[in-house]
Amino acid sequence: MLIDNTTSRFLSGHFIFAGIVFLVPGIVGLFLQHYTLSGIDLFISWFLFGTYSGVEIDTDNNKLREYNKWFGLLKTGQWLSLGNYPGVTLVSMKKVHRMFSQSNRVNSYSEKEFSIYLVNASKKPAVAIKKCKTYEQAQKSVDEFSVWLHKPVFSIKK
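Residues numbered from 1 in each chain as written. Predicted model: local features only at pLDDT ≥ 70, side-chain atom pairs only at ≥ 80, totals over all residues. Heavy atoms only, no water.

### Topic: the nonpolar core
Argument step 1. Counting residues in each nonpolar core, the largest one holds 18 residues, and the members touching the most others are Ile57, Leu64, Leu118, Ile129 and Phe145.
Argument step 2. Among the secondary structure elements, those contributing two or more residues to this core are β2 (52-58), β6 (87-100), β7 (106-119), β8 (125-132) and α3 (135-149).
Argument step 3. Per-element tally for this core: the top contributor is α3, with four residues.
Argument step 4. If sequence neighbours within four positions are ignored, isoleucine 57 has contacts with Met1, Leu2, Ile3, Lys63, Leu64, Leu82, Ile129, Phe145 and Leu149. (Core = buried A, V, L, I, M, F, W, Y, C linked by side-chain atoms within 4.5 Å. Buried < 20%, exposed > 50% of the residue type's maximum accessible area, 1.4 Å probe, protein only. Helix = DSSP H or I, 4+ residues; strand = E, 2+ residues; numbered from the N terminus. Contact = heavy atoms within 4.5 Å.)

Structure (structure tokens):
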């Protein structure tokens, strides 16, 4: 079985605004027939919105690959053995996104994220294999990964 999960987008949070800064002028430039400048803007926005990171797990061959998918088309990354990772774990994190304006105002928001990791030999999280929005979904997913990969679930002490 081949498991493929997206672990992070190139643009997230407030930084999506940066992609829109290139996308909107690119689309407007098409209508105004400024093909060169709009083509450059659309190419940059395609890169910003289409690029992401992920992990691919081949359970039949006992292999794992962390990859970057450029422009949503090309995957780059090396295959590693799953034997180097003795188990899986669930880690909860609070992500805080902040952006400062020129008038020195702070825009921030936080979100809770639950990530499933493969643990290394010292029982510490090493490779993120899935991100979930709720604890229940993450608990279900860590149980599924434990069964699929034939690995025990470890708990993290704080």
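### As for unusual backbone geometry
Argument step 1. Even without a glycine there, the phi angle at glutamine 33 is positive, about 65°.
Argument step 2. For glutamine 33, the location among the structural elements is in the loop between α1 (16-31) and α2 (35-50).
Argument step 3. Accessibility expressed as a relative area gives 57% for glutamine 33, which makes it exposed.
Argument step 4. Look at histidine 150: it is not a glycine, yet its phi comes out positive at around 55°.
Argument step 5. With respect to the helices and strands, the residue histidine 150 is situated in the loop between α3 and β9 (153-154).
Argument step 6. By relative accessible area, histidine 150 is classed as exposed at 72%.

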